[in-house]
Each structure stands twice: as structure tokens, then as C-alpha cells.
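# Overview (structure and organization)
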Amino acid sequence: EVREECEKFGEVTNVILYDHSDDGVITVRFKDTAAATKCVEKNNGRFFGGRRIVSYLFDGKEKFKETKTAEQIQAEEEKRLAAFESWLEENH
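Residues numbered from 1 in each chain as written. Predicted model: local features only at pLDDT ≥ 70, side-chain atom pairs only at ≥ 80, totals over all residues. Heavy atoms only, no water.

## Thoughts on the side chain of Ser 55
Within the secondary structure, Ser 55 sits in the loop between strand 4 (51-52) and helix 3 (70-91). The contact partners of Ser 55, leaving out residues within four places of it in the chain, are Cys 39, Val 40, Asn 43 and Asn 44. (Helix = DSSP H or I, 4+ residues; strand = E, 2+ residues; numbered from the N terminus. Contact = heavy atoms within 4.5 Å.)

Okay, here's the thing in C-alpha cells:
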């Protein structure tokens, strides 16, 4: 939904959800600065999904807790299931 809303202002090249951050951070990268600036102007202070948006141009200095990709989650799940299967075979 965020990508779809932001694409109204210009070409979006990347969206990252930092759901391990306490504030629920999302970064959106645009192909050009003008689109990013317009997105910030239009979205800062408005509500989205019942939450107030704080929107600003990223200075590259802040660090956010990044979520895992779907591939990382899948790999961890497969590893966990394999370990559980081994445990079952050894103990039953």
C-alpha cells in the first residue's frame, strides 16, 4: 500500500519496512529528488492506517532495525523444521 501511494509522486525504486523499529519505520527511495520532496510535503502529518505519518528526507545517518526478507525467513523456517525432524527421529 505504501509503494502504491508513493508512486503517485514519481518512480519508486525501493521500499524497506523496518518493523523491528519501535516506531514502525518505512523508507521509500525515489528515482529522483523532486518526487521524494513532493511525497514528503504531501504526506507529512497525514494519517495512514490509523497512524500519523512523520515524513522527511533521509540524511543517511539514522540506523533502523531492518526486518528479514521473505527468503531469510523461509531459510530459517526450513532449518528449524529440519532440526525438529532430526530431533523426532532421534527421540522416537
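## Looking at the pairing of strand 2 (residues 25-30)
Across 6 bridges, strand 1 (residues 12-18) lies against strand 2 in antiparallel orientation. Within strand 2, the residue paired with Tyr 18 across the bridge is Val 25. (Pairing = 2+ DSSP bridges.)

## Remarks on the UniProt feature "domain: RRM" (unreviewed entry) in the protein chain
Under the feature "domain: RRM" (unreviewed entry), the UniProt entry names residues 2-53. Secondary structure content for residues 2-53 is 31% helix and 33% strand, and the end C-alpha separation is 11 Å. (UniProt positions renumbered as here; feature names shortened; annotations may be inferred.)

## A look at the packing of aromatic side chains
As enumerated under the stated definition, the model contains 1 aromatic pair in all. For the pair Phe 84 and Trp 87, a centre-to-centre distance of 5.9 Å together with 15 degrees between the ring planes defines the contact as stacked. Within this pair, Phe 84 and its partner Trp 87 are both found in helix 3, separated by 3 residues, close to a single helical turn. Since its relative accessible area comes to 44%, Trp 87 is described here as partly exposed. (Phe/Tyr/Trp six-rings, centres within 6.5 Å; stacked < 30°, edge-to-face > 60°. Buried < 20%, exposed > 50% of the residue type's maximum accessible area, 1.4 Å probe, protein only.)

## Here we look at a nonpolar patch on the surface
A cluster of nonpolar residues, Val 54, Tyr 56 and Phe 58, forms a patch on the protein surface that exposes about 330 Å² of accessible area. Topologically, Tyr 56 is positioned in the loop between strand 4 and helix 3. Residue Tyr 56 is classed as partly exposed on the basis of its relative accessible area, which comes to 43%. (Patch = residues over 30% accessible without salt bridge, like charges linked within 9 Å, V, L, I, M, F, W, Y side chains within 5 Å. Areas by Shrake-Rupley, 256 points an atom, 1.4 Å probe, with all protein chains shown as cover. Salt bridge = Lys/Arg side-chain N within 4 Å of Asp/Glu carboxyl O.)

## Observations regarding the side chain of Asn 43
Inspection of the secondary structure puts Asn 43 in helix 2 (residues 33-43). A polar contact is formed between the side chain of Asn 43 and the side chain of Arg 46, at a distance of 2.8 Å. The residues contacting Asn 43, other than those within four sequence positions of it, are Phe 9, Ile 53 and Ser 55. (Polar contact = N/O pair within 3.5 Å; in protein donor to acceptor, adjacent residues only side chain to side chain.)

## Brief notes about the nonpolar core
Core analysis: the biggest nonpolar cluster contains 6 residues, these being Cys 6, Val 12, Phe 30, Ala 35, Ala 36 and Cys 39. A per-element tally of this core places helix 2 first, with 3 residues. If near-sequence neighbours (up to four positions away) are discounted, Phe 30 is found in contact with Cys 6, Phe 9, Gly 10, Glu 11, Val 12, Thr 13, Ala 35, Ala 36 and Cys 39. (Core = buried A, V, L, I, M, F, W, Y, C linked by side-chain atoms within 4.5 Å.)

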